[in-house]
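Fold and geometry: a report
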Amino acid sequence: MNLELTTAQQALKEEFITFVRTELEPYANDYDKQGAIPRSLIEKLGAAGYLGATIPTAYGGRGMDQVSYGLLNEEIGRACSSTRSLITVHSSLTAETILRWGSQEQKEQWLPLLASGQQLAAFGLSEPGAGSDTNGITTAYEEKDGQYVLTGVKKWITFSQIANLFLIAAQGDKGITTFLVPRDTPGLRVVPLEGILGTRASLLGEIHLEQCAVPAANILGRMGWGLQQIVNTALDNGRYSVACGSLGIARACLESSIQYSKQRHQSGRPIKEHQLIKQKITNMVTEVKAATLLCRNAGWLRDKKDPDSFIQTTLAKYHASRMANAVAAEAVQLHGALGCHDSFSIQRYFRDAKVMEIIEGSTEIQQILIADHSIASLSSIL
Ligand SMILES: Cc1cc2nc3c(=O)[nH]c(=O)nc-3n(C[C@H](O)[C@H](O)[C@H](O)COP(=O)(O)OP(=O)(O)OC[C@H]3O[C@@H](n4cnc5c(N)ncnc54)[C@H](O)[C@@H]3O)c2cc1C
């Protein structure tokens, strides 16, 4: 395992840091309060190539390797988890899945539009009655006159309020199948969802499908491949993005905690000199370092197309999302009342971190995956 960044990866990291410092960090708290990221930011992300970071240049993407993509998610996630959410659902869950399983026609039709950010994509799996149990979805497809007619409701769909294309999983006589459904398909309606705890600017919604007809050419993969191939690929991609985004949240909390501990004085000295504050910083830094290694390891294996990259990505997501919660909670504590107030970013990181333990398979689902894999083949995970 080589965890050192190459010169090209280091240069990309510097580029991401500059973008985040100028375009994102100063505005992220406002986006959170407004409950939306602006179109101008999406245009800048598209122009920078960050909405098609891993898509090959032949389709208009930037053709980045997975380690670099991890760095992008980490740096964006360090400033704004809602913006990282856009990258997760648009690029990891949808565009990368089209790249892996799409027909040549689907790739040519959608990837240039998605990579440039001219069109946005969202991922429609969860439903009011089906979350972790993906087999339990009830959105249905039915073949009629050579078309597929979709009926059902998808819930909690990130950026569905503004997405142009939806990857929809549906049940039917040939098993769960995934469809590419453009927003303007008659019978498709998006109902905005408000009041979410974290990633508040990620424009969540419900997708209502009422007799929505799409041609057979819009099937992604094959009939019956919905869960095993398509959804599993998408969630594996998404977990990597969420793992690195979680790392970004924790780094932001750690960096802010160190800075605050130097400037905040109590009992006649900066709080950094209190032993219990030193303990907090030690624990945070150890956790952040461990998650960094797990994320880099997952990226490195993904670049090698190693079969173990799936479970190592799961491990990285499990650890990094839980770690982000622990570190964010300590950061709130260390900042005292300031950590509880919305004039400062720490409370946002604390709320955003919780979401990371629920999306792309909850902590409990990762525990099942990791335990089952370890019991079957411990040597391949260690
Ligand atoms: C901010 C946000 C954005 C989201 N964006 C999207 C999106 O873009 N697209 C999309 O399709 N979905 C999205 N989701 C939905 C998300 O994928 C689901 O919330 C997640 O899969 C969990 O499902 P659930 O909420 O129905 O919880 P449930 O599955 O009902 O689980 C409830 C609790 O039971 C636990 N549990 C469930 N099954 C088991 C089990 N077998 N063993 C042990 N414990 C179990 C869970 O871990 C959880 O703690 C989003 C959710 C949030 C919060």
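Because the structure is a prediction, the values reported are computed rather than measured.

Here we take up the overall build of the protein. Helix and strand content of the protein: 11 helices and 10 strands. Relative to its length of 382 residues, the protein is compact, with a C-alpha radius of gyration of 21 Å against a globular reference of 21 Å. When the backbone C-alpha atoms are referred to their principal axes, the protein occupies close to 80 × 50 × 40 Å. Every one of the 382 residues in the protein was classed for burial, and the buried ones make up 55%. Surface exposure of the protein reaches about 16,200 Å², of which carbon and sulfur atoms provide 52%. Taking the average place of the 36 positive charges on the side chains of the protein and the average place of its 38 negative ones, the gap between the two points comes to 6 Å.

So, on to the environment of Arg-296. Within the fold, Arg-296 resides in helix α8 (residues 275-303). A sequence separation of 166 residues divides Arg-296 from Ala-130, and the C-alpha atoms of the two residues are 32 Å apart. With near-sequence residues (within four places) excluded, Arg-296 lies in contact with Leu-3, Leu-5, Lys-13, Val-67, Leu-71 and Glu-74.

With that out of the way, let us pick up the packing of aromatic side chains. With the rule as written, the count across this model stands at 7 aromatic pairs. Between Phe-19 and Tyr-50, the ring centres sit 5.0 Å apart and the planes meet at 75 degrees, which makes this aromatic pair edge-to-face. Placement of Phe-19 in helix α1 (residues 7-24) and of Tyr-50 in the loop between α3 (39-48) and α4 (66-79) is noted, with a sequence separation of 31 residues between them. What makes Phe-19 buried here is its relative accessible area of 9%. We note Arg-100 situated over the ring of Trp-101; from NZ or CZ to the ring centre the distance is 4.0 Å. Over the ring of Trp-156 we find Lys-155; its NZ or CZ atom is 4.8 Å from the centre of that ring.

Time to look at unusual backbone geometry. Of note, Asp-145 is a non-glycine position whose phi angle comes to about 55 degrees, a positive value. On the basis of relative accessible area, Asp-145 is assigned to the exposed category, the value being 80%.

So, on to the pattern of salt bridges. Under the defined criterion, the tally for this structure stands at 16 salt bridges. The partner of Glu-74 in a salt bridge is Arg-251, with the nearest N and O atoms 2.7 Å apart. Pair noted here: Glu-74 is in helix α4 and Arg-251 is in helix α7 (residues 226-263), with a separation of 177 residues, a long-range link. For the pair formed by Glu-74 and Arg-251, the shared burial category is buried. One salt bridge in this structure joins Glu-210 and Arg-189, with 3.2 Å as the shortest N-O distance.

Walk down a regular strand and you will see the side chains alternate between the two sheet faces. Direction of pairing for strand β2 (residues 140-144) relative to strand β3 (residues 147-157): antiparallel, over a ladder of 5 bridges. For Glu-142, the partnering residue across the bridge sits in β3 and is Val-149. Linkage of β2 to β3, two consecutive antiparallel strands, is achieved through a turn of 2 residues, within which Asp-145 is found at a positive phi near 55 degrees.

Tracing the sequence through the fold places Lys-317 in helix α9 (residues 309-335). Among buried charged residues, Lys-317 stands out as having no salt bridge; its nearest opposite-charge side chain is Glu-360, 6.6 Å away. Of note is the side chain of Lys-317, whose polar atom sits 2.9 Å from the backbone oxygen of Gly-361. Every residue in contact with Lys-317, bar those within four places of it in the chain, is listed here: Arg-239, Val-242, Ala-243, Met-356, Glu-357, Ile-359, Glu-360, Gly-361 and Gln-366.

What counts, and at which threshold
Residues numbered from 1 in each chain as written. Predicted model: local features only at pLDDT ≥ 70, side-chain atom pairs only at ≥ 80, totals over all residues. Heavy atoms only, no water. Helix = DSSP H or I, 4+ residues; strand = E, 2+ residues; numbered from the N terminus. Rg over C-alpha atoms; globule rule 2.2 N^0.38 Å. Buried < 20%, exposed > 50% of the residue type's maximum accessible area, 1.4 Å probe, protein only. Areas by Shrake-Rupley, 256 points an atom, 1.4 Å probe, with all protein chains shown as cover. Lys, Arg positive; Asp, Glu negative; His and termini not counted. Charge placed at Lys NZ, Arg CZ, Asp CG, Glu CD. Contact = heavy atoms within 4.5 Å. Phe/Tyr/Trp six-rings, centres within 6.5 Å; stacked < 30°, edge-to-face > 60°. Lys NZ or Arg CZ within 6 Å of the ring centre and 35° of its normal. Salt bridge = Lys/Arg side-chain N within 4 Å of Asp/Glu carboxyl O. Pairing = 2+ DSSP bridges. Polar contact = N/O pair within 3.5 Å; in protein donor to acceptor, adjacent residues only side chain to side chain.

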